[in-house]
Amino acid sequence: MNLACQKCGQQTLVPQPAEPNVSADTYAEELRGKLKENESQRAEITGYINQLTIQLHRWQLRLQALNERKAQLEKELGQR
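Residues numbered from 1 in each chain as written. Predicted model: local features only at pLDDT ≥ 70, side-chain atom pairs only at ≥ 80, totals over all residues. Heavy atoms only, no water.

### Some words on the overall build of the chain
Tallying secondary structure elements over the chain gives one helix and two strands in all. Taken from N to C terminus, the helices and strands of the chain fall in the order β-β-α. Over its C-alpha trace the chain gives a radius of gyration of 33 Å, far above what one expects of a compact globule, namely 12 Å for 80 residues. Judged by the C-alpha coordinates and their principal axes, the chain covers about 100 × 35 × 10 Å. If you sum the accessible surface of the chain, you get close to 8,100 Å²; carbon and sulfur atoms cover 57% of it. Charge centroids of the chain, computed over 11 positive and 10 negative side chains, lie 13 Å from each other. (Helix = DSSP H or I, 4+ residues; strand = E, 2+ residues; numbered from the N terminus. Rg over C-alpha atoms; globule rule 2.2 N^0.38 Å. Areas by Shrake-Rupley, 256 points an atom, 1.4 Å probe, with all protein chains shown as cover. Lys, Arg positive; Asp, Glu negative; His and termini not counted. Charge placed at Lys NZ, Arg CZ, Asp CG, Glu CD.)

Structural data, given as structure tokens:
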């Protein structure tokens with residue numbers, strides 16, 4: 001197939017697309033499998049991070065409550 005060049009107007013041969021070979025298809029399928037496994041591992045780690053973030057927040061709230069209790073007890077002790 002020939003088409004006119006958009007810049008100069010001359011007829012230019014359009015190359016035929018190469019037929020994919022079996023090894024390229026096999027390699028592409030292997031990469032898709034690795035990509036799927038990678039995404040699965042990313043989702044698992046993201047879940048762990050979310051769980052630990054929630055736990056960290058709980059510990060921070062507990063620490064805040066303990067600090068507030070400490071301040072209250074020290075205040076009561078100072079009043080005596």
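### A look at a nonpolar patch on the surface
Taken together, Met-1, Leu-3 and Val-14 make up a surface patch of nonpolar side chains, about 290 Å² in accessible area. Counting through the fold element by element, Met-1 comes out in the segment before β1 (2-4). You can call Met-1 exposed: its relative accessible area is 64%. (Patch = residues over 30% accessible without salt bridge, like charges linked within 9 Å, V, L, I, M, F, W, Y side chains within 5 Å. Salt bridge = Lys/Arg side-chain N within 4 Å of Asp/Glu carboxyl O. Buried < 20%, exposed > 50% of the residue type's maximum accessible area, 1.4 Å probe, protein only.)

### Description of the state of the cysteines
What the rule picks out here adds up to zero disulfides. Free of any disulfide, Cys-8 has its nearest neighbouring cysteine sulfur in Cys-5, separated by 3.7 Å. Among the residues examined, Cys-8 registers a relative accessible area of 53% and is labelled exposed. (Disulfide = S-S within 2.5 Å.)

### Examining the environment of Leu-66
Relative to the elements of secondary structure, Leu-66 occurs in helix α1 (residues 22-78). In the structure, Leu-66 is positioned 56 residues away from Gln-10 in sequence and 82 Å away in space, judged by C-alpha atoms.

### Quick word on the pattern of salt bridges
Using the criterion set out here, one finds four salt bridges in the structure. Between Lys-34 and Glu-30 there is a salt bridge, with the nearest N and O atoms lying 3.3 Å from each other. Here Glu-30 and Lys-34 lie together in helix α1, a separation of four residues that amounts to about one turn. For Glu-30, a relative accessible area of 41% gives the class partly exposed. Across the salt bridge formed by Arg-42 and Glu-39, the nearest N and O atoms sit 3.4 Å from each other.

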